[in-house]
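As a plain string of letters, each chain reads:
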Amino acid sequence: MNFSSIKEYFYKLTNRCYLHVLLPLLTFVYLYFQMQSKKIMPMVQQEESVVFMLIGFAIACAINLTTVHLLSKKRLALYAKETGLGNKLDRYAEIITLRMGGGSASSLLMAVGLLLTGHEFFSLLFMLILIWILFQWPSSKKACKELSLKGDEYEMVLYKKEKL
């Protein structure tokens, strides 16, 4: 990611995160209101199939989010050892994009589940995924902690300074 200052870096990173959240959110809200107004009807009506889809989609979502979490932890440990603040921040942007992309994919899966079944449980799962995304949201303090920044790098990122 190209950036000329740490403030610009976090501005661009936050905008990327908003885009990753808004696409599934708008999709889900659109589908939800279309189903409430009976413009879209659920495709799967059989109770057994609906329960099977609920369990399957929930398991797929849990596997996706767990994989993203473990992969990002593994990569963060590796990236924290790199030299140069610019390299670390570039790598951190990759990790955040991975996390937000995983949350986006899971929440889009819940939108598909809602479209197919019309079951309100998918709304609950969607909200839980949004909460998970909020816990993954990047901040300067979180970046310092996850990248194990110390000294001057820590101060520059935490306070978004240009120079010391």
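A few points on the structure. (Residues numbered from 1 in each chain as written. Predicted model: local features only at pLDDT ≥ 70, side-chain atom pairs only at ≥ 80, totals over all residues. Heavy atoms only, no water.)

1. Some remarks on the overall build of the protein
Helix and strand counts for the protein stand at 6 helices and 0 strands. Going residue by residue from the N terminus, the α and β elements of the protein occur as α-α-α-α-α-α. The C-alpha radius of gyration computed for the protein amounts to 19 Å, which surpasses the reference 15 Å derived for 164 residues by more than 25%, pointing to a less compact arrangement than a globule. Expressed along its principal axes, the backbone C-alpha trace of the protein runs to roughly 65 × 30 × 20 Å. Looking at the protein as a whole, 39% of its 164 residues are labelled buried. (Helix = DSSP H or I, 4+ residues; strand = E, 2+ residues; numbered from the N terminus. Rg over C-alpha atoms; globule rule 2.2 N^0.38 Å. Buried < 20%, exposed > 50% of the residue type's maximum accessible area, 1.4 Å probe, protein only.)

2. A look at a nonpolar patch on the surface
Taken together, the side chains of F121, L124, L128, I131 and F135 define a hydrophobic patch exposed on the protein surface, amounting to about 490 Å² of accessible area. Among the residues examined, F135 registers a relative accessible area of 61% and is labelled exposed. (Patch = residues over 30% accessible without salt bridge, like charges linked within 9 Å, V, L, I, M, F, W, Y side chains within 5 Å. Areas by Shrake-Rupley, 256 points an atom, 1.4 Å probe, with all protein chains shown as cover. Salt bridge = Lys/Arg side-chain N within 4 Å of Asp/Glu carboxyl O.)

3. Examining the side chain of S140
Summarising the element assignment, S140 is placed in helix 5 (residues 140–146). Of the polar contacts made by the side chain of S140, one reaches the backbone oxygen of L158; its length is 3.2 Å. (Polar contact = N/O pair within 3.5 Å; in protein donor to acceptor, adjacent residues only side chain to side chain.)

4. Some points on the nonpolar core
One finds Y92, M110 and V157 to be the most contacted residues of the largest nonpolar core, which totals 43 residues. At the level of elements, helix 1 (6–36), helix 2 (47–79), helix 3 (85–117), helix 4 (121–136), helix 5 and helix 6 (151–158) are the ones that each hand at least two residues to this core. Here the element with the most residues in this core is helix 3; it accounts for 11 residues. (Core = buried A, V, L, I, M, F, W, Y, C linked by side-chain atoms within 4.5 Å.)

5. Some details on helix 4
The terminal C-alpha atoms of helix 4, which comprises 16 residues, lie 23 Å apart, in line with the 22 Å expected from a rise of 1.5 Å per residue. Looking only at helix 4, the buried set comprises F122, S123, L125, F126, I129, L130, W132, I133 and Q136. If you follow the buried residues of helix 4, they end up packed against helix 1, helix 2, helix 3 and helix 5. (Expected span 1.5 Å × (residues − 1). Contact = heavy atoms within 4.5 Å.)

6. A look at the packing of aromatic side chains
On inspection of all chains with the given rule, the structure shows 6 aromatic pairs. With 5.9 Å between their ring centres and 80° between their planes, Y32 and F33 make a pair best called edge-to-face. Accessibility expressed as a relative area gives 32% for Y32, which makes it partly exposed. Taking relative accessible area as the criterion, F33 reaches 54% and is therefore assigned exposed. Between F57 and F122, the aromatic rings sit 5.7 Å apart at their centres with planes inclined by 70°, giving edge-to-face as the arrangement. In this pair, F57 sits in helix 2 while F122 sits in helix 4, placing the two residues 65 residues apart along the sequence. With respect to class, F57 is no different from F122; both count as buried. One aromatic cluster in this structure is built from F3, Y9 and F10. (Phe/Tyr/Trp six-rings, centres within 6.5 Å; stacked < 30°, edge-to-face > 60°.)

7. Considering helix 1
Between the first and last C-alpha of helix 1 there are 44 Å, a value that for 31 residues agrees with the 45 Å anticipated at 1.5 Å per step. For helix 1, every residue scored as buried is listed here: I6, Y9, F10, L13, T14, C17, V21, P24, F28, L31, Q34 and M35. Structurally, helix 1 contributes buried residues whose contacts are with helix 3, helix 4, helix 5 and helix 6. Within two residues after helix 1, K38 carries a phi angle of roughly 65°, on the positive side.

8. Comments concerning the pattern of salt bridges
Going through the model one piece at a time under the given rule, you end up with 6 salt bridges. Taken together, the shared-partner salt bridges connect E82, R91 and E94 into one network.

9. Observations concerning the packing of helix 1 against helix 3
For the pair helix 1 and helix 3, the least separation of the axes is 9 Å and the interaxial angle reads 5°. The angle between helix 1 and helix 3 falls in the class roughly parallel. Across the contact of helix 1 with helix 3, the residue classes tally to 21 nonpolar, 6 polar and 1 charged. (Axes fitted to C-alpha atoms, helices over the stretch in contact; angles between N-to-C directions. Parallel < 35°, antiparallel > 145°, perpendicular 65-115°, else oblique. Nonpolar A, V, L, I, M, F, W, Y, C, P; charged D, E, K, R; others polar.)

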